[in-house]
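So you can see what is in the structure, the chains are spelled out below.
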Amino acid sequence: MELPTRKAMKLSVIRHWFVSAVAVVALAGPMAGCSRNEATFNRNEAYVKNQERLTKETFSAERKADLDEVLSGLFGTPDRPIVPALGDIDVASVMDATKLHFAAGPVGRDERGRARGLYREHCAHCHGVTGDGGGPTALFLNPYPRDYRRGTFKFKSTPRQSKPTHEDLKRILIEGIPDTAMPSFRALPDNEIDALIHYVRYLSIRGESERSLVQYALFELEPADEEANIEEERLFDLTSGNRSDRAAELREYVGAIVQKWLGAEAEATAVAPPSWLANGAELSHEREVELLKHGRDLFYGKVAACVKCHGDSAIGDGQTTDYDDWAKELEPTVPGALDEYLALGRFVFPPRNVRPRNLRMGHYRGGRKPVDIYWRIFNGIDGTPMPALSEVLKQEGEEKIGVTHDDIWALVYYVRSLPYESISQPVAVEAAYQRERQ
Amino acid sequence: MTSKRTCCVSALCGLALMLCGCPRQTAERLSVDADTIDTVRKVLEAGVASSGAAEVALAEPTGWATVTGKFTLSGTAPANPTLTIDKDTAVCRAGGTENRVVVIGPGNGIQNVLIYVSSKVPNDNPAWIHESYEKVRTAEVTFDQKNCVFLSRVGVMWAPQTMMVKNSDSVGHNTKLDSTFGAKSENFTVPANSPGIAYLPGGASTRGPFPVSCSIHPWMIASMMVCENPYFAVTAEDGSFTIENVPAGVELEFRVWHEKPSFIRDEVSVNGSPTKWKRGAFKHKSEDGDTLTLNVVMDAAVFN
């Protein structure tokens, strides 16, 4: 074997270093290049499609670009969130800039060593950077993670369409949601939970503003008219003269959404204890048996009609073909419509039927405390088919059909007893209320 | 040698990666550069301190007019879809299996066409609201269901009114009002034979009706319009409608809507002349005591 000459060895070393250098540069290049891309929000294409179908108009590419600009100007980016300036409205108590900074951006520490990127660390893999419920794991979960952009929250102390209180959101973060993939974040310190709540509100307000502006453009702005050679009215035009009028109008739409969040605390439903527990009274066993029977009568009766959806055995099989309000926006029951939505890309998931809760399991998504169940029955569950069973006060001399405060409490008692009630001897249901099996 | 091969392989991989490049910005992701964000932000924030735009002085109405007319169909309306009624059949089958989207009455009249004033009308100004509407303001509107059919396919009310959601069936219903504009959303449990649960919309919009449904009986659907002003009508069985005491002397915008085509934008014939309404809207200024008669003929193709 011939030994390599000194020159050849030198050449080989040079070649080796050259190849290595190319390897390093080639590998480092794409890594550095890609990671330098800032995180971005997804546009709500499904809602644009939904409103296009509703209004039979087109949301043009220019309008989409306008929408992106306006939203970025109002709310910034996932790495650099902005709190929109809305004049007199106390935006900071809903979304505080310092707290948003704490929760936003890539995971890491800031210059003072405080944790940053809490949302991406704990939430984004399911709920998505945009808060659209479209994180990488979302498609594999059932139920799908919540899309905040509708501004609808299910488990809260406030009525339908009202926003949840700070305490409501905190409860979900601390307790998690049993029977779903939503875990408890009890281990996080209070200030981090607080920052996340502000950030979730920020994402929700941003998402709801986006929807509001899409609707505004399609309903209020002049459409293009080719016959009359009229161009469509821009949603926002940096080059136009009277921008300040439009800016004021846009701020008004966002302001209306922030106001709803500001009003939430005052809208919480205060729940008084049932009359039989008034003044520290204790419930006797006999009375409890009576109450459970009363609750069961209501459950199967014609006034509360719980049996209609929760089923003859309360296992949640009474109504299994309905959808929640998020899924309904994809028009799953309109022939041909769903394909149009699903074609929009990977952030639109095939809708699933909403299942009434199986009350035999003892899993209560919004919390297992009696008051939690009271709120679910009294206010209904926002965004779902679960209706509100508002109390009707029985007035003297006038027979009103409805339930009283105590009736709702009796239902709460009965619902909480269901996991322990024998299922093998179903309660006889009166004929009008029997579910037909076909 | 091994390290050399490794290097070569990494170099090749790296080059391949470089060629593939970074993931492309897909259309659904929005990317706006920092300078634009800054400019837009400044524009949006400009004038925040000043208290809104100056009030534009509106022309005051000079009297009252009547808007009346009739919607008729030319041609044959498409057949309505059939409903599957599979719950509470003893009560619900009596409601029929026709999904009454398009209802054609005597004389080819088109029922359930909604016509309303979509201009901004000051709701508390007696110059704009005729005194005959003061009784209407406090009147209750009824929204009833019988045999699992909403008795008003197109419900309409004025924002300050209260609507009683009734149930004339011997089975329980729930009435889900899904408002996305102005008015409140509700989802009431409406007990069997309930004399009514009060719906207070607390807001209104000119953007058209929203859907009403029953989650227990999913085939039950209707539409509900909460108007900002009392100037609205839904056509009767024969397609006729009348709105009385509409402000005169000012130009008002009207909108025409039907469940199937939504806002009427296809060509229709109004009093004999072909007309195209942009998003179902037209403008009209009446003089005091005038009667505007609209005889609208719509081609069956509008409902396809």
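Here, the structure is the one placed above.
Residues numbered from 1 in each chain as written. Chains lettered and ligands numbered in written order. Predicted model: local features only at pLDDT ≥ 70, side-chain atom pairs only at ≥ 80, totals over all residues. Heavy atoms only, no water.

Caption draft 1: How the structure looks around the overall build of chain A. For chain A, the helix and strand inventory stands at 15 helices and two strands. Out of the 438 residues belonging to chain A, those deemed buried represent 52%. The contacts of chain A with a sequence gap of at least 6 include a subset with a gap of at least 24, amounting to 64%. Counting every atom, chain A has about 21,300 Å² of accessible surface; 55% of that belongs to carbon and sulfur. (Helix = DSSP H or I, 4+ residues; strand = E, 2+ residues; numbered from the N terminus. Buried < 20%, exposed > 50% of the residue type's maximum accessible area, 1.4 Å probe, protein only. Contact = heavy atoms within 4.5 Å. Areas by Shrake-Rupley, 256 points an atom, 1.4 Å probe, with all protein chains shown as cover.)

Caption draft 2: A look at the overall build of chain B. Looking only at helices and strands, chain B features four helices and 20 strands. Counting across all 304 residues of chain B, residues that qualify as buried make up 52%. When contacts within chain B are restricted to residue pairs at least 6 apart in sequence, long-range pairs at least 24 apart make up 69% of them. Carbon and sulfur atoms form 53% of the exposed surface of chain B, whose accessible area is close to 13,700 Å².

Caption draft 3: Representation of the sheet that holds strand 3 (residues 140-143) of chain B in the model. Residue and element names in this part refer to chain B. Sheet architecture is open: three strands sit in the order 3-7-10, paired in mixed fashion. At either margin of the open sheet sits one strand with a lone partner, and together these are strand 3 and strand 10 (197-199). Adjacent strand axes in the sheet meet at a mean angle of 35° when their direction is disregarded. Bridge count between strand 3 and strand 7 (residues 162-165): four bridges; the pairing is parallel. (Pairing = 2+ DSSP bridges. Axes fitted to C-alpha atoms, helices over the stretch in contact; angles between N-to-C directions.)

Caption draft 4: Broad picture of the packing of helix 2 (residues 45-55) of chain A against helix 8 (residues 190-220) of chain A. All names here are of chain A. Closest axis-to-axis distance for the helix 2/helix 8 pair is 10 Å, and the angle between their directions is 25°. Between helix 2 and helix 8, the angle is such that the two are roughly parallel. Read as a crossing pair, helix 2 and helix 8 show a hand that is right-handed. Contacts between helix 2 and helix 8 involve Tyr-47, Val-48, Gln-51, Glu-52, Leu-54 and Thr-55 from the former and Arg-211, Val-214, Gln-215, Leu-218 and Phe-219 from the latter. (Parallel < 35°, antiparallel > 145°, perpendicular 65-115°, else oblique. Left-handed = near helix turned anticlockwise from the far one by under 90°.)

Caption draft 5: Expanded view of the packing of aromatic side chains. Residue and element names in this part refer to chain A. With the rule as written, the count across this model stands at 19 aromatic pairs over all chains. Consider the rings of Tyr-199 and Tyr-202, whose centres lie 5.2 Å apart with planes at 35°: the pair is tilted. Here the residue Tyr-199 and the residue Tyr-202 both occupy positions in helix 8, the gap between them amounting to three residues, near one helical turn. Plain terms: the ring middles of Tyr-216 and Tyr-253 are 4.9 Å apart, the flat faces sit at 55° to each other, and that makes the pair tilted. Placement of Tyr-216 in helix 8 and of Tyr-253 in helix 9 (residues 243-267) is noted, with a sequence separation of 37 residues between them. (Phe/Tyr/Trp six-rings, centres within 6.5 Å; stacked < 30°, edge-to-face > 60°.)

Treat this as a map of the structure, not an account of what it does.
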